[in-house]
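Secondary and tertiary structure notes
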Amino acid sequence: MSGRVTDKVAFVTGAARGQGRSHALRLAEEGADIIALDLAGGIDSVTRFYPPATAEDLAETVRGVERLGRRIIADKADVRDFDAVRSIVDRGIAELGRIDIVVANAGIFISGEPAHRITEEEWDDVLDVNLKGVWHTCKAAIPHLIEQGEGGSIVLTSSTAGIKGPAKTAAYASSKHAVVGLMRALTNELGEYRIRVNTVHPGATDTPMIINDRCYGLFLPGVEHPAKEQVAPMFAATNAIPVPWVEPVDVSNAVLFLASDEARYVTGTELKVDAGFTTR
């Protein structure tokens with residue numbers, strides 16, 4: 001099957017690398033043009049954990065979409081800044097003609113400390129990006145979807161931490177649970193316009209957000225610079241299917257399904273792509 005989102009336009013946040021880039025490319029492979037944004041820079045509370053995406057990363061996403069023969073409008077923006085998000089959405093629609101799919105993917109991960117030791121800065125940054133940024137993404141796109149009058153699909157990236165509450169991830173887990181609440185409210189607000197809203201819940205995914213020393217430290221505390229190979233069996237032991245992590249494209253395939261007409265009556269759903277992590 002091919003062309004599952006032919007001639008549709010998808011807005012993807014956090015598109016410079018990782019899951020966001022994968023979503024943009026997978027949707028482009030199936031015929032969509034792309035509006036993309038990424039901070040493509042660092043947030044101080046996060047760069048202590050893993051390096052940020054860069055402008056060159058975002059440029060590589062652009063090149064990847066263009067190699068697939070699709071159009072893309074991409075720019076740097078912070079999802080915490082509503083005016084910046086709205087500006088990119090408006091420019092993308094002006095140049096590409098419409099918007100059909102919203103993938104609110106941008107997010108950050110801070111881990112390693114119990115809730116009472118999380119700093120005010122860390123808490124605020126995680127909630128502002130992972131929840132307020134998702135709301136900003138929806139807020140910028142929804143008026144256009146309603147005005148078009150042709151329905152649409154909104155996919156919000158939550159996490160297995162939006163279903164379970166892993167220790168030492170309180171800010172992240174809180175933000176991802178809240179994204180589910182936002183999805184449920186939007187499902188009821190937008191159903192009359194045939195706009196579907198769902199969440200995806202990736203498990204550990206092979207991206208820089210997970211593949212880093214601080215995250216490894218959740219499994220091997222006290223070990224300095226553990227190797228990926230050292231922690232892989234420990235990650236795998238948390239899953240029903242004994243793999244340590246899923247690949248970004250596995251999540252992208254779920255996003256594609258929710259974005260396509262195959263899911264035309266799927267709304268209010270929490271779609272897990274987690275190798276069975278949440279069943280353990």
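Quick look at the structure, then. Not measured: the values here are computed from a predicted model.

With that settled, consider the side chain of S158. The topology assignment puts S158 in the loop between β5 (152–157) and α6 (170–190). With relative accessibility at 2%, the residue S158 sits in the buried group. For S158, the residues in contact, after removing those within four places along its chain, are K176, V179, V180, T199, V200, H201 and P202.

Ring pairs (aromatic) are described by centroid distance and by the angle formed between their planes. Here the structure, examined in full by the defined rule, presents three aromatic pairs. Note on F235 and W245: the rings are 5.1 Å apart at their centroids and 65 degrees apart in plane angle, and the pair reads as edge-to-face. In this pair, F235 is assigned in helix α8 (residues 228–236) and W245 in the loop between α8 and α9 (248–259), connecting sequence segments 10 residues apart. Note on F235: relative accessible area 3%, which makes it buried. W245 gets classed as buried once you look at its relative accessible area, which sits at 11%.

Across the interface, helix α5 (residues 120–148) lies against α6 with an axial gap of 8 Å and an inter-helix angle of 20 degrees. By the angle between their directions, the pair α5 and α6 is classed as roughly parallel. Handedness of the crossing formed by α5 with α6: right-handed. In this structure, α5 uses W123, V126, L127, N130, L131, V134, W135, C138, I142 and I146 to contact α6, whose residues at the interface are A170, A171, Y172, S174, S175, K176, A178, V179, L182, L186 and L190. When its residues are assigned to classes, the contact of α5 with α6 shows 17 nonpolar, three polar and one charged.

By the secondary structure assignment, G20 is in helix α1 (residues 18–29). The exposure class of G20 is buried, given its relative accessible area of 0%. Sequence separation between G20 and A36 is 16 residues; the distance between their C-alpha atoms is 8.9 Å. In contact with G20, other than residues within four places in its own chain, are V12, T13, G14, A15 and N105.

Parameters at a glance
Residues numbered from 1 in each chain as written. Predicted model: local features only at pLDDT ≥ 70, side-chain atom pairs only at ≥ 80, totals over all residues. Heavy atoms only, no water. Helix = DSSP H or I, 4+ residues; strand = E, 2+ residues; numbered from the N terminus. Buried < 20%, exposed > 50% of the residue type's maximum accessible area, 1.4 Å probe, protein only. Contact = heavy atoms within 4.5 Å. Phe/Tyr/Trp six-rings, centres within 6.5 Å; stacked < 30°, edge-to-face > 60°. Axes fitted to C-alpha atoms, helices over the stretch in contact; angles between N-to-C directions. Parallel < 35°, antiparallel > 145°, perpendicular 65-115°, else oblique. Left-handed = near helix turned anticlockwise from the far one by under 90°. Nonpolar A, V, L, I, M, F, W, Y, C, P; charged D, E, K, R; others polar.

Everything listed here is a matter of geometry and, on its own, says nothing about what the molecule does.
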